[in-house]
Amino acid sequence: MIFNDKEPGSGRQQRIALVAHDGRKQDMREWAEFNRDLLAGHQLYATGTTGRMLSEELGLPVTRFHSGPFGGDQQVGARIADGGIDVLVFFWDPMEPHPHDHDVKALLRVAVLWNIPVACNRATADFLISSPLMSSPAVGNRPGTYAWICQRPLTARFLSPRKPGDDLWLCPKTR
């Protein structure tokens, strides 16, 4: 696991994931173009087509994952769970059904679970990118996440060790 490798007080770049559904790609492009200089100061990650668009049209360096329906949303979620993403800008299209709706829900769920800032529209994305906290190591810090998970009785039971030596679970053994 990566977890948060930022040193306190370092003020280093944030790791920002950018995801946009087809019906929202133009919004993402316009937003990214307007905020190009701010985005250029951070490490950018994106799903397939969104990443290609940002890289080719705006000249931003972007680490690309697969396209969303082909596992890209899951790759972003895994990177969040490993502590490798600090901010998620996810312009999803609420008016269109998606064959990978379960991946969309899972991505949003993991972002909330790991306590990272999420923007689902341009207004919220503007607040995030312009926040003074973007240069703070506080963004993406996840202290207390495990404690919160383990306080939930059903989750704690599910995530407890199943047998001696099992180190893949988050919570101490519960009865």
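Read on for a plain summary of the structure. Not measured: the values here are computed from a predicted model.

Points about the overall build of the protein
Scanning the protein for helices and strands turns up eight helices and five strands. Going through the 175 residues of the protein one by one, you find that 42% of them count as buried. Restricting the contact set of the protein to residue pairs at least 6 apart, pairs at least 24 apart contribute 64%.

Quick look at the sheet that holds strand β2 (residues 43–46)
Taken together, the five strands give an open sheet; going across it, the order is β3-β2-β1-β4-β5, and neighbouring strands pair in parallel fashion. Sheet topology places β3 (62–64) and β5 (118–119) at the edges, where each strand pairs with a single neighbour. Sheet topology note: the strand β4 (residues 87–91)/β5 ladder contains two bridges and is parallel. Counterpart to Val89 in the pairing with β5 is Ala119. This element, helix α3 (residues 48–58), spans β1 (15–20), β2 and β3 of the sheet and lies at about 155 degrees to β3.

Comments concerning the side chain of His21
Mapped onto the elements, His21 comes out in the loop between β1 and α1 (25–34). You can call His21 buried: its relative accessible area is 7%. There is a polar contact of 3.1 Å between the side chain of His21 and the backbone nitrogen of Asp93.

Concerning helix α6 (residues 122–130)
Taken together, the buried positions of α6 are occupied by Ala125, Leu128 and Ile129. An end-on view of α6 places all buried positions within 90 degrees of arc, on one side of the element. Away from the buried face of α6 by more than 90 degrees, exposed residues Phe127 and Ser130 are located. Residues of α6 that are buried make contact with β1, α1, α2 (36–39), β4 and β5. Of the residues that open α6, the one with a side-chain oxygen 3.3 Å from the backbone nitrogen of Ala123 is Asn121.

A look at the packing of aromatic side chains
Considering all chains together, one arrives at two aromatic pairs under this definition. Here the aromatic rings of Tyr45 and Phe65 are separated by 6.1 Å at their centres, their planes lie at 20 degrees, and the arrangement is stacked. Remark: Phe65 occurs in the loop between β3 and α4 (72–81) and Tyr45 occurs in strand β2; sequence separation between them is 20 residues. For the pair Tyr45 and Phe65, a shared accessibility class is recorded, and that class is buried.

Criteria and cut-off values
The numbering scheme is per chain: residues are counted from 1 as the chain's sequence reads. Residue-level local features of this predicted model are given only where pLDDT is at least 70; pairs of side-chain atoms are given and counted only at 80 or more, and the full residue set underlies all totals for whole chains, interfaces and linings. Note: side-chain values were computed over all heavy atoms of the structure, leaving out hydrogens and water. Only runs of H or I of at least four residues qualify as helices and only runs of E of at least two qualify as strands under DSSP, and these elements are numbered from the N terminus. Only protein chains enter the area calculation, which uses a 1.4 Å probe; residues under 20% of their type maximum are buried, those over 50% are exposed, and those in between are partly exposed. By the convention used here, residues are in contact when the closest approach between their heavy atoms is within 4.5 Å. Pairing between two strands requires that DSSP report at least two bridges joining them. Interaxial angles span 0 to 180 degrees and are taken between N-to-C directions of axes, which are lines fitted to C-alpha atoms, for helices over the stretch in contact. In the analysis that follows, any N or O atom pair within 3.5 Å is treated as a polar contact, provided that within protein one partner can donate a hydrogen and the other can accept it, and provided that, for residues neighboring in sequence, both atoms belong to side chains. Each direction from the helix axis to a C-beta atom contributes to the arc, which is the arc of those directions. What counts as a ring pair is set by centres within 6.5 Å for rings of Phe, Tyr and Trp (its six-membered ring), and what kind of pair is set by the plane angle: stacked under 30 degrees, edge-to-face over 60, tilted for all other angles.

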